Amino acid sequence: MMLKLVHLLGVLVCGAQAALQVSISLNKVELSVGESKFFICTAIGEPVRLEWYNPQGERILPSKRMALHSEMSRSRLIIYNAIIEDAGIYRCQATDGSGHTEEASVVLEIYQRLTFRDVQTPQEFRHGETAEVVCDVISSPVPVVVWYYQDEEITEEQHSRFTVLPNNNLQIHQVTKADEDVYRCEASVEARGEINFVDIAVVVNVPPVLSMFQQSFNATADYQESVTFNCMTSGSPDPVVTWHRKGQELEQSEQYIIIRLDGGRSMLTVRNIRQVDGGSYTCKATNKAGSQAREIFLKVFVQPHITQLKNVTAVEGSAAMISCVAEGEPLPDISWRRASDGQTFVDGDKSQDGRFEVRGRHGKSVLTISGVRLADLGRFDCEALSRIGGHQKSIFLDIEYIPKFLTNHTIYYSWEGNPVNLSCDVMSNPPATMLWRRVRLTISVEGTANTHVYSADGKSVLEVTPMSDKDFGRYNCTARNNIGVQYKEFILAQADVPSNPYSLRLSAVSQRLATVAFMKPDSHGGVPISYFLVQYKEVGSQEWKDVKSHSIQTTVVLTGLEPNTTYEVRVAAVNGKGQGEFSHTESFQTIPIREPSPPAVHGQRGIGKTYRLGLVKQDDGGMPVVEYIVKYKTSSQDKEEQWMTKLVPGANDFAMLQPLQWNTRYEVEITARNVKGLSEPTFYQFFMPQKPDITAESLFSGLGLGMVVCLGLGALLLLLVLVDVSCFFLRHCGLLMCITRTLCSKKTTTSGKGKDIEEGKAAYLKLPLKEENGKESLKPDMIEIKVHSDNSIHTKPFISKA
């Protein structure tokens, strides 16, 4: 039994080995260049590996263009972006465990589709040359190329200047502008029935051609003249015209104006012509076919022009030479002018003092100044003249000199602890460096514990804070430049308090005020007086009161004094050092309290029957005015006319008199009263005019906008009431009619006369007619109201027989 099983197993194994088979999904494939394809190899049996081989018999390994995906009995080969070299037979080989192999193959054919490679359009050529229109097309097999021009096939028989070259390009002999058009390159592969074309635009460029109206021009320099050059061009494409001078292209600017017009015309305008603008100018036209240039010549006549004149610096006391060079055609004459006094110098001149002399030759003039002075500082004008014109320029003669001190104030006063500024002002050219010395020792810029140095142009300030007697004394200011050095000595002296003021006197003494005047002291102590201190007190009192003057005024007003009191007053001057001695003491007595002075009065008419009296307070006698007593009456022959009295508080500055009579003269007596008594009366008269006419303008002139609006609304309401009453009596309608109907209808339903109304009889009501003031009117005294059955109402006046 075991032998049968072993035999059966051997037969199955041998049968499995004999059954190894390999197949590929495709046998033959056509593929165009650039396409991708994959092939599947399948093995039946028990293969241990599957391998692919290329047409060269080499085992294929995975790469960027060829990929392998293998499983136990299946393998896929992928070819990306096929190329011509990929064509051939590919084999798939399977190997089993015993080393037995089986294979299958597939044939891959690669062909090139019709492809136009980088065909440019348009293609440009130069007029007259042999043009070759490129049409690069490839395919496998080689394509057949045909050219078309204006929808006709190009043949050498019909187009003698056209030739199709072996490389399929189209050649045009001596191409012209007439050949400019669109050409078609058509390629076909008969074996596959494949055909394609490309349209190519041919552009023929014509070189520029230049022409000019005028080739030479004349102009005069420095007269703001302008000249315009014209240049005409033709060509295809339209040429770009540029203007050149001395090898450099001219750009648009204030001097050069370039204008390009239609038709290939270009203009160059040279503005404000100068001597350097003379010479040749080039007009150049350029396009893709080439370029052409033509020259224009500009001749410039030159007026005199100063080319060399520089500012000059000289040292005081030395000599200065000023040179002026000018050119022009013809050569100009040169003269000099001094701006300070207008004096003129020409070639060969010499001043009376011999310091100024002029020498000139061939467009150059030299002005020589001997013994230069500071007065020579300033402007000098050089003028060049010829028959063409003239030119003038100026220079500045600068004078350098040793430092000169401007400070006259050399003595300063201060005291211990009080800083003071010693100012050293210097005029020099060039600017001087300045330093301070004290007992042959230089004070540094950083200063010391009690000194500081502050510097500015031409000025140096030494701030000294004296701390002891040794800080007072002499200080030296040194100013130095490259011309020389100068010294200035300053003295710092100890200051003192001012001396006493004198000539103390009093004036304008009243109950509560007094004016103190005095003379300034003879000595201010070396430093300015800050203010004056005035002290005063009552006689017998030990307490002085202080009053400071405003700045250094020598007049002080004492206020808040008591009436009928004797005071003592003295004054002292105060400066930065301190307070000086007091003056001698003066005594004065204030005025006792009395009745006030009569008030001053002025008046003006008020609104309507009023009059406004203005009260101007005079001397109040030392006590405030309590009240003003204003009496007034009409100026009539009746001596028994009673005075009307009005009391006005003393703080008021006016009194209003009202009501007054029109066309009447009034007398007024005003008296001021204080606690001491009454003043003398002040008499005043005024006249009230006639009653004014009441017009619309005068009526509303004193009313505000709100009052005017209210009056207008009231008038409108009154008008509506009158209209309603008129409608009631004349038209039997209106608001009053409606009210009457309502009232009457109510009465007919309740009164005993309702029956008569129902029976068609009329009912009469007699109502008294009243005026606006509530009194009964006499004409008519009654209104008869007749109410009909249809509720209509008729009215008529009822005349009383009485």
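Described in the following lines is the structure provided in the data block.

Definitions and limits used
- Residues numbered from 1 in each chain as written.
- Predicted model: local features only at pLDDT ≥ 70, side-chain atom pairs only at ≥ 80, totals over all residues.
- Heavy atoms only, no water.
- Phe/Tyr/Trp six-rings, centres within 6.5 Å; stacked < 30°, edge-to-face > 60°.
- Helix = DSSP H or I, 4+ residues; strand = E, 2+ residues; numbered from the N terminus.
- Buried < 20%, exposed > 50% of the residue type's maximum accessible area, 1.4 Å probe, protein only.
- Contact = heavy atoms within 4.5 Å.
- 1 Å grid on protein atoms, 1.4 Å probe; cavity = no way out; pocket = protein on both sides within 12 Å on 5 of 7 lines; lining within 4 Å.
- Points joined across faces, edges and corners; volume = space filled by probe spheres on them.
- Nonpolar A, V, L, I, M, F, W, Y, C, P; charged D, E, K, R; others polar.
- Pairing = 2+ DSSP bridges.

Right, let's get into the packing of aromatic side chains. This model, assessed by the stated rule, comprises 14 aromatic pairs. Residues Phe229 and Trp243 carry aromatic rings whose centres are separated by 6.3 Å and whose planes lie at 35° to one another, so their mutual orientation is tilted. On the criterion of sequence distance, the pair formed by Phe229 in strand β20 (residues 227-236) and Trp243 in strand β21 (residues 240-245) is long-range, its members being 14 residues apart. Like Trp243, Phe229 is buried. Ring centres of Tyr611 and Phe686 lie 3.8 Å apart, and the angle between their planes is 10°; this geometry places the pair in the stacked category. Taken together, the positions of Tyr611 in strand β53 (residues 611-616) and Phe686 in strand β59 (residues 682-688) put the pair 75 residues apart, joining distant regions of the chain. Both residues of the pair, Tyr611 and Phe686, count as buried. Among the aromatic side chains, those forming a connected cluster through ring pairs are Phe217, Phe229, Trp243 and Tyr281.

By the element assignment, Gln112 lies in the loop between β8 (101-111) and β9 (115-116). Setting aside residues up to four positions removed in sequence, Gln112 forms contacts with Val33, Ile84, Ile138, Ser139, Ser140 and Arg192.

The tally for this structure, following the rule as stated, stands at one cavity of 30 Å³ or more. Space inside the largest cavity adds up to approximately 30 Å³. In terms of lining, the largest cavity is formed by Pro596, Ser597, Pro599, Lys617, Gln618, Asp619, Val625, Tyr628 and Ala672. Partitioning the lining of the largest cavity into residue classes produces five nonpolar, two polar and two charged.

Pairing geometry for β21 and strand β25 (residues 279-287), over five bridges, is antiparallel. Among the inter-strand pairings, Trp243 is bridged to a residue of β25, identified as Cys283. As judged from the nine bridges shared by β25 and strand β26 (residues 290-301), these two strands associate in the antiparallel manner. Its bridge partner being in β26, Ser280 is matched across the sheet by Phe297. The hairpin formed by β25 and β26 contains two residues between the paired strands.

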